[in-house]
Amino acid sequence: NYVAMDISANVLLAAGASPAMVNAEEEADDFTKISSCVSINIGTALTPGWVKMMMLTADACQKYGKPWCLDPVGMGATPHRNDVCVELMK
């Protein structure tokens, strides 16, 4: 989510974390592997490439046993948002 990305990164930095806002599917597995946890926010990024990266990241979280949370911004507003959230939770 382009709106929350900067604020989220700054809050995490202030708390001593090392945030990485990743949107390249080629990095999904590698960044998930080294992460403590992952947040997936569907707010402003529901193009096919971003959705694929979100799916790869959710799969990698399961593969590596990493906790993750879904921020389902706007779920219920459109069928596409609903479908993406349902698929991510499978």
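These numbers were taken from a predicted model, which means no experiment stands behind them.

Glancing now at the nonpolar core. Grouped together as the largest cluster of nonpolar side chains are 13 residues, with contacts concentrated most on Ile40, Ile42, Leu46, Met54, Val84 and Leu88. Residue contributions to this core peak at five residues, all from helix α3 (residues 48-64). Every residue in contact with Leu46, bar those within four places of it in the chain, is listed here: Val51, His80, Arg81 and Val84.

Counting across every chain of the model gives three salt bridges. A salt bridge links Lys52 to Glu25, with the nearest nitrogen and oxygen atoms 3.0 Å apart. Highlighted residues: Lys52 in helix α3 and Glu25 in the loop between α1 (2-14) and α2 (28-34), separated in sequence by 27 residues. Assessed through its relative accessible area of 43%, Lys52 is described here as partly exposed. By relative accessible area, Glu25 is classed as partly exposed at 30%.

Relative to the assigned elements, Ala77 resides in the loop between β2 (68-71) and α4 (79-88). Exposure remark for Ala77: the relative accessible area of 60% places this residue in the exposed category. Counting along the chain gives 32 residues from Ala77 to Ala45, while the straight-line C-alpha distance between them is 15 Å.

For the rest of this paragraph, the subject is α3. Compared with the 24 Å implied by 1.5 Å per residue over 17 residues, the 24 Å span of α3 between its first and last C-alpha is a close match. Taken residue by residue, α3 has Trp50, Val51, Met53, Met54, Thr57, Ala58, Ala60 and Cys61 as its buried positions. The inward-facing, buried residues of α3 contact α1, α2, β1 (38-41), β2 and α4. Two residues or fewer after α3 comes Gly65, characterised by a positive phi angle close to 70°.

Cut-off values and rules
- Residues numbered from 1 in each chain as written.
- Predicted model: local features only at pLDDT ≥ 70, side-chain atom pairs only at ≥ 80, totals over all residues.
- Heavy atoms only, no water.
- Core = buried A, V, L, I, M, F, W, Y, C linked by side-chain atoms within 4.5 Å.
- Buried < 20%, exposed > 50% of the residue type's maximum accessible area, 1.4 Å probe, protein only.
- Helix = DSSP H or I, 4+ residues; strand = E, 2+ residues; numbered from the N terminus.
- Contact = heavy atoms within 4.5 Å.
- Salt bridge = Lys/Arg side-chain N within 4 Å of Asp/Glu carboxyl O.
- Expected span 1.5 Å × (residues − 1).

Shape is all these values report; function is a separate question.
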